[in-house]
Amino acid sequence: MEPLTEDAIRDSFVNCSKGEAGRIRLPAGFAGGGVPWADLDFLGWTDPAAPLRALLVLPGDDGPTGIVLRRPEPRRAAGLTRSSMCHVCLTEHAASGVALFVAPLAGPAGRNGNTVGQYLCADLACSLYLRGKRQPKMRMVRREETLTLEERIERAMANVTAFARRVAA
């Protein structure tokens, strides 16, 4: 992913007001160059000032598209044997490694309370899981795929882009 400026990120959000976008805190390390842009296909983070708000910014032909998401309330894992899969990168996680994120729709539908949800890696680090730079916690067996890294990245971007289109429609 190409590095983005703070203004480009704030201007990209499609499902919140300009005022709300202005109050979003950027990821830790953003100002100091701590974002690993070369390893990212899209930028995802939790707002440090609002721990139930998560954000995604995806690159696109017409510029970046940003989405404001609501994180689920933190809760104790029901059991470590439960397994879940991210619907974007298809990484399997144990217990609470995957969460249902909900995004208000853009425009009048979102202002009326209509939302759409997607199961994502709870830490929004899909790009790092795809590249093997981060490993799911407590997974004993990892399924190997025959797809190349480029094919897995392409699939993940198609999945997250489809979600973004549902939000923006």
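Residues numbered from 1 in each chain as written. Predicted model: local features only at pLDDT ≥ 70, side-chain atom pairs only at ≥ 80, totals over all residues. Heavy atoms only, no water.

(A) Summary view of the overall build of the chain. Along the chain, the regular secondary structure elements total five helices and seven strands. Going from the N terminus to the C terminus, the chain shows its helices and strands as α-α-β-β-β-β-β-β-α-β-α-α. Relative to a compact globule of 169 residues, whose C-alpha radius of gyration would be 15 Å, the chain shows 16 Å and is just as compact. Overall, the chain is about 45 × 35 × 30 Å in size when its C-alpha atoms are taken along their principal axes. The burial tally for the chain puts 42% of its 169 residues in the buried class. Looking at the chain alone, contacts between residues at least 24 apart form 54% of all its contacts between residues at least 6 apart. In the form shown here, the chain has an accessible surface area of approximately 9,600 Å², with 52% of it arising from carbon and sulfur atoms. Counting 22 positive and 18 negative side-chain charges, the chain places the averaged centre of each group 9 Å from the other. (Helix = DSSP H or I, 4+ residues; strand = E, 2+ residues; numbered from the N terminus. Rg over C-alpha atoms; globule rule 2.2 N^0.38 Å. Buried < 20%, exposed > 50% of the residue type's maximum accessible area, 1.4 Å probe, protein only. Contact = heavy atoms within 4.5 Å. Areas by Shrake-Rupley, 256 points an atom, 1.4 Å probe, with all protein chains shown as cover. Lys, Arg positive; Asp, Glu negative; His and termini not counted. Charge placed at Lys NZ, Arg CZ, Asp CG, Glu CD.)

(B) The arrangement of the environment of Leu26 in detail. Locating Leu26 in the fold gives a position in the loop between helix H2 (18-23) and strand E1 (43-46). For Leu26, a relative accessible area of 13% corresponds to the buried category. As for Leu26 and Arg10, which are separated by 16 residues in sequence, their C-alpha atoms are 9.2 Å apart.

(C) Here's a closer look at the pattern of salt bridges. Tallied over the entire structure, the rule returns seven salt bridges. With a closest N to O distance of 2.8 Å, Asp41 and Arg131 form a salt bridge. Residue Asp41 is located in the loop between H2 and E1, and its partner Arg131 is located in the loop between helix H4 (126-130) and helix H5 (149-168); the two are separated by 90 residues in the primary sequence. Classification of Asp41 by relative accessible area gives buried; the value is 11%. Between Glu73 and Arg70 there is a salt bridge, with its nearest N and O atoms 3.8 Å apart. On the basis of relative accessibility, which here comes to 53%, the residue Glu73 falls in the exposed class. Of the residues examined, Arg70 reaches a relative accessible area of 47% and is grouped as partly exposed. (Salt bridge = Lys/Arg side-chain N within 4 Å of Asp/Glu carboxyl O.)

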